[in-house]
Amino acid sequence: MIRFLVYRLLSAIPVLFVVSLVTFLIMWLVPGDISAEIGGVDATPEDLAAIRERLGLDRPLLERALNWYAALLQGDLGQSYTLNRSVLGAVLERLPVTLSLAGIALVLATAMGMLLGILAAVRHNTLLDQGAMVTALVGLSIPDFWFGIVMIILFGVWLGWLPTGGFVAFSESPVDWARSMTLPAFTLAITQMGVIARMTRSAMLDVLSQDYIRTARAKGMRARAVIFRHGLRNAMIPIITVVGVLSGVLLSGAVVIETVFSLPGVGRLIIGAIQRRDFPIIQGGLLITACVFVFVNILVDIAYAWFDPRGRDDS
Amino acid sequence: MTVELPSDTVSIGREIKLARRRRRLTFARRLFSHPSFLVGFVILVLFTMTALLADVLAPYEPTKINYRFILAPPSAEFWCGTDAYGRDVLSRIIYGTRVSLRIGVFVVVMTGILGTLLGTLASYVKWLDGLIMRSLDGLMAFPGVLLAIALAAALGPSEINAIIALTVTFTPRTARIVRASVIVVQGMQFIESAHAVGAGHGRIIFRYILANALSPLIVQLTFVFAVSIVAEAILSFLGVGPPPPAPSLGNIIAEGRSNIQEAWWIAVFPGLVIAVAVLGLNLMGDGLRDILDPRHSGARDKT
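Throughout what follows, the structure given in this document is the object of discussion. If you're wondering where the values come from, they're calculated on a predicted model, not measured in any experiment.

**Concerning the interface of chain B and chain A**
Residue-level contacts link 48 residues of chain B with 51 residues of chain A. Carbon and sulfur atoms make up 77% of the area that chain B and chain A hide from each other, which totals about 4200 Å². Where chain B packs against chain A, one counts one salt bridge. Measuring nitrogen to oxygen at the nearest pair gives 3.1 Å for the salt bridge that ties A:Arg198 to B:Asp286. When residues of the side of chain B that touches chain A are traced back to their parent elements, those giving at least two are α5 (126–140), α6 (146–155), α10 (214–237), α11 (249–258) and α12 (264–292) of chain B. Element by element, the count of residues in the side of chain B that touches chain A is highest for α12(B), at 13 residues. A breakdown of the residues in the side of chain B that touches chain A according to their chemical character gives 32 nonpolar, eight polar and eight charged.

Printed below as a string of structure tokens:
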């Protein structure tokens, strides 16, 4: 297990290297002169040259890349063009909102998806099974940001039960925080639970056709115990894999959904930065989110190894 | 002296040709008798026709501003209502499907080509394998469409840039799938026998390996098509996709978000169209997978 852990942590290094390289190169893709955009229309050529020098844009690409990595290793993601503060601070301040939204949605999606999948597998080839799978597929096909808007129209504008957007910090008022998170979290969970439901169903069907399930039934075990103790536990491994994939989908989904519901997370920060052409913030937001995802994937692999000792040492 | 060809040779050749055609026919019949494939296929055909016949189908000019009908609710005159500039939402949706279709098709083609190229290269050229796969791992470490959003933001809002951004985002997984299936086919006996009878590398790659590794790629590309349509809408919604005033399903929804209090119809209808189109492609992909790869059923990745 220790060997596996070390191996898994080391294998994240090349991934993080590529991630940071891509993030650096995105800046280089920007067409035209960034200094002209920062300086505005009134800037003199001397002003522009000063901006370029301050940002290091007058240096060759390789030198800029080396500087970027040198700063990165010291935890410095640069300064925002427009916010007058460090990129890292701005991103980290917004991260909790995004993470809690994605986390709540992940828990909801997993719970609802597994319930749907287990029901479908246990009542295989019945109307319930088909209904659950149609629900799952329709959920998968609905664009989440649009579903968020529909939810706002339904519960915010027409019924008036929940706010149409905006955010209240948990420390200010837990009730209002819950009210502001309910719609976005359910939006993400409902559109993503289909992946889990389909995986749970096929994994459960596989497991339930095994001999040991028949044995458990034959020895008179209660149906519920057979399904949960013998069935679900052995179906967990493929389900965990899907939960890992889903965490990435939900992370990027949260980024988009924040814009729909006006939640002050990393997504809103990035989208605002795009409108202001504040590239360091875009880079920082992208880099930090990718790092979170890499870290979540490591956790998933560890959980995977925990549940299935077979794959631990021969990787 | 003339050599008489045994009449058998000719008829054997014809037999093989007939058998091939029969196999193709039964394949098509099996596909179209698969209910989800059929439903998905019909939806895709309808979507494509809507996009192609937009000039005929749209009741109004999609960009024509009419201040007499600002935010008019759905009626016999304007089936899906009008937006804040009095433009007919239905006509804008119909023209918007063109953007989705164009972006979807281009992304599928480019992802297919690049994915096949990188996947085959990685499985064939050993010293490139590590480099290519680690780079793809790195690209896949950006969650969902986040990389596409950042790329489109850097390149600037336009249709071509959206296509580039989405291709970069969806190629890694496609290349991985191609690599995995090429490696499986490489180890099969008929490849060895092809080498033995002296077939060249090019012939083996195209005629034997890629032909047999095609099924997972086709299934994957159906899903790439579906995700591209959603991703285009996300990019346009966030303002980094094809820019207004030309309608795209995403930027109509964005306009609807700004008028959410007084005009639900602007955002709701284009999203329904996206959902139906994506559902169709997902159904097609499921059907294709059931028939091409019977072992695999159930869940899939949504990237």
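That was the structure; now back to the text.
**A short note on the pattern of salt bridges**
Counted under the stated rule, the structure contains 13 salt bridges over all chains. With its nearest N and O atoms 3.7 Å apart, the salt bridge here joins A:Asp211 to A:Arg214. Residue A:Asp211 and its partner A:Arg214 are both found in helix α10 (residues 211–218); the two are separated by three residues, about one turn of the helix. The class for A:Arg214 is exposed, based on a relative accessible area of 57%. One salt bridge connects B:Arg92 with B:Glu255, and the closest N-O pair in it is separated by 3.7 Å. Here the residue B:Arg92 occupies a position in helix α4 (residues 89–124), and B:Glu255 occupies one in helix α11, the gap between them amounting to 163 residues. Of the residues examined, B:Arg92 reaches a relative accessible area of 1% and is grouped as buried. Through salt bridges that share partners, A:Arg198, B:Asp286 and B:Arg289 make up one connected network.

**Some details on the side chain of B:Gln220**
Residues and elements named next belong to chain B. Position of Gln220 among the secondary structure elements: in helix α10. Taking the relative accessible area as the measure of exposure, Gln220 reaches 7% and is therefore buried. A polar contact is formed between the side chain of Gln220 and the side chain of Thr174, at a distance of 3.4 Å.

**Some remarks on a nonpolar patch on the surface**
All names here are of chain B. On the surface, a nonpolar cluster with roughly 960 Å² of combined accessible area is contributed by Phe32, Leu38, Phe41, Val42, Val45, Leu46, Met49, Leu52, Leu53, Val56 and Leu57. Breaking the nonpolar patch down by element, the ones donating at least two residues are α2 (35–52) and α3 (54–57). The element contributing the most residues to the nonpolar patch is α2, with seven residues. Relative to the assigned elements, Leu52 resides in helix α2. According to the relative accessible area criterion, Leu52 is exposed, its value standing at 56%.

Procedures and definitions
Residue positions are given per chain, counted from 1 along the sequence in the order it is written. Throughout, the order in which chains and ligands are written sets their labels, letters from A for the former and numbers from 1 for the latter. Since the coordinates come from a predicted model, pLDDT governs what is reported: local features require at least 70, and pairs of side-chain atoms require 80 or more to be given and counted, while whole-chain, interface and lining totals use all residues. Here the side-chain values reflect all heavy atoms present in the structure, with hydrogen atoms and water set aside. Any two residues whose heavy atoms approach within 4.5 Å at even a single point are treated as in contact. Buried area: the sum, over both parts, of the accessible surface (1.4 Å probe) that disappears when the two are put together. Any Lys or Arg side-chain nitrogen located within 4 Å of an Asp or Glu carboxyl oxygen qualifies as a salt bridge. Counting from the N terminus, the helices are DSSP H or I runs at least four residues long and the strands are E runs at least two residues long. When residue character is reported, Ala, Val, Leu, Ile, Met, Phe, Trp, Tyr, Cys and Pro are called nonpolar, Asp, Glu, Lys and Arg charged, and the others, Gly included, polar. The buried label applies to any residue whose accessible area, calculated with a 1.4 Å probe on protein chains only, is under 20% of its type's maximum; exposed applies above 50%, and partly exposed to all values in between. Between N or O atoms, a polar contact is any pair within 3.5 Å; within protein, one atom must be a potential hydrogen donor and the other a potential acceptor, and residues adjacent in sequence are included only when both atoms are from side chains. Candidate patch residues must exceed 30% relative accessible area and have no salt bridge, after which like charges are joined if within 9 Å and Val, Leu, Ile, Met, Phe, Trp or Tyr side chains if within 5 Å. The protein chains shown are the only cover counted for residues, whose accessible areas, like all others here, come from Shrake-Rupley with a 1.4 Å probe.

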